[in-house]
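Structure assessment
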Amino acid sequence: MEAQAVLVHERFDEETNTGIPHDKMGMWVFLCSEVMFFTGLIGSYIVLRFASPFWPQPSTVLNVPLTALNTFILICSSVTMVQALAGIRSGNPGKMKLFLCLTLMFGAIFLSIQGVEYWKLLHEHTEHYPHGFNPHASLFGSVFFTTTGFHGFHVFCGVVCIAFVTGKALLGKYTQASHQGIETIGLYWHFVDLVWIVLFTIIYLI
Amino acid sequence: MSHETHKATNYMAIFWWLAGLTVVEVCYSSVLPHEHKAALILGLVGFAVIKATMVALYFMHLKYERKSLGIIVASTLILGCILVGVGIAEHLLPRP
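Owing to the predicted nature of the structure, the values given are computational and were not obtained by experimental measurement. (Residues numbered from 1 in each chain as written. Chains lettered and ligands numbered in written order. Predicted model: local features only at pLDDT ≥ 70, side-chain atom pairs only at ≥ 80, totals over all residues.)

Quick word on the interface of chain A and chain B
It is common to report an interface's size as the accessible area lost on association of the parts. The line we're drawing: Contacts are defined on C-beta atoms placed from the backbone: any two residues whose C-beta positions lie within 7 Å are in contact. Secondary structure elements follow DSSP: runs of H or I of four or more residues count as helices, runs of E of two or more count as strands, with numbering from the N terminus.
Listed by partner, the interface residues are 35 residues for chain A and 37 residues for chain B. Residue assignment for the side of chain A that touches chain B shows that the elements contributing at least two residues are helix H2 (22-51), helix H4 (64-89) and helix H7 (180-205) of chain A.

Points about unusual backbone geometry
Residues and elements named next belong to chain B. Filter applied, for reference: Here a residue counts as buried when 20 or more other C-beta atoms sit within 10 Å of its C-beta, as exposed when there are 12 or fewer, and as partly exposed otherwise, the C-beta atoms being derived from the backbone.
For His61, which is not glycine, the phi dihedral falls at a positive 60°. Looking at the secondary structure, you find His61 in the loop between helix H3 (37-59) and helix H4 (67-92). The class for His61 is buried, based on 20 C-beta atoms found within 10 Å.

Quick notes on H4 of chain A
Condition: Working rule for helices: expected span equals 1.5 Å times residues minus one.
The terminal C-alpha atoms of H4 of chain A, which comprises 26 residues, lie 38 Å apart, in line with the 38 Å expected from a rise of 1.5 Å per residue. Backbone geometry just downstream of H4 of chain A places Gly91 of chain A in the positive-phi region, at approximately 75°.

Things to note about the packing of helix H6 (residues 139-170) of chain A against H7 of chain A
Residue and element names in this part refer to chain A. Heads up, the rule is: Axes here mean lines fitted to C-alpha atoms, for a helix over just the part in contact, with angles spanning 0 to 180 degrees between N-to-C directions. Here the word oblique covers every angle except those under 35 degrees (roughly parallel), over 145 (roughly antiparallel) and from 65 to 115 (roughly perpendicular). Whether a crossing is left-handed or right-handed is set by the direction in which the near helix is turned from the far one by less than a right angle, anticlockwise for left-handed and clockwise for right-handed. Under the scheme applied here, ten amino acids are nonpolar (Ala, Val, Leu, Ile, Met, Phe, Trp, Tyr, Cys and Pro), four are charged (Asp, Glu, Lys and Arg), and all others, including Gly, are polar.
Remark: H6 packs on H7, axes separated minimally by 10 Å, with the N-to-C direction vectors making an angle of 155°. The angle between the axes of H6 and H7 places the two elements in the roughly antiparallel class. Here H6 and H7 pass one another in a crossing that is left-handed. The residues of H7 that touch H6, namely those facing Phe144, Thr147, Thr148, His151, His154, Val155, Gly158, Cys161, Ile162, Val165 and Lys168, are Gly181, Ile182, Ile185, Tyr188, Trp189, Val192, Val195, Trp196, Leu199 and Ile203. When the residues that make up the contact of H6 with H7 are grouped by side-chain class, the tally is 14 nonpolar, six polar and one charged.

If you want it as C-alpha cells, here you go:
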C-alpha cells in the first residue's frame, strides 16, 4: 500500500499538465516578473534621459573598456554554465563540476570588477564631478547606480545559488537522470547575462 | 525538450558570436560620431537585441521549449515593450 502511494506520488511529480517540470516553470514565471522589474528600470532611464536637458556622454564618465571586459566575462560564465548542464546530460559529472567551478569563478570576477569600477567612480575627482560620481552628483549618477546596483545584486544572488549547486555537485548529488537544479539555476544565470547585455548597451554605449 | 537537439547546439560558436558582437558594438559606438544619434541608437539596440535573442534561444534553450512557454515569455516581452514605448511616446509626441 505504502509502495503504491510512493509510486503514485512519483508519477504525479513526473507528469505535469504543461509538459514542463514544475520547478523549471516556476523559474520561468519568476524570470517573467524580473523582465518587468528591469523593464521598469530601463524605461525610467530612457524617459529621464530624454527629458533631461543635460546628460553627459556616458563614455566620458564611465570606464567603457573595463565594462566591456566585464561583459565578456559574464558571457564566458554563461557558456560555462550551459557546458556544465551539457556535461551532466551526457553523463560526464567531471565536466559538470569543472564548468560549474568556472562559472562560479567568472561570477566572482564580474562582481569584483564591478566593485573596482564603483570604487573608482565614487572616489576619482573629475572636471564634471569634482566630488566623485555618486548617486547625489547628478540624475545620471542616481539612475546609473540604481540600475547597475540592482543588476549587481542579482549577480550576487546568482553566485550564492551557483556556490550551493556546485557544492551539491561536488558531493555527487546530481546524476544524468536527476539534475533539474542545475538547469533551473542556469536559467536564472543566463537571464542575468541577458539583462547585462541590454544594460551595457543602453547605459554605457548609447 | 529532447537532449539530442541540445547536443546538436554548438555552444562555443554562439559564445564567439556573442564575444564578436560585443567587440563590434564597442567599436561602432566609439567610431560613429555622436551627432548621428539615430544611427547610433538603432545600430546598438539592434546588436543588443541580436545578442539577447541568441542567449535566450540557445543558452536558455527557448528554441527547443514548448510553444506554451514561448507564449508566456513573448507576452511578457510585449508588455515590457508597451511600457517602454508609452514612456518614450509620452516624451516625443507633441502635447496639446
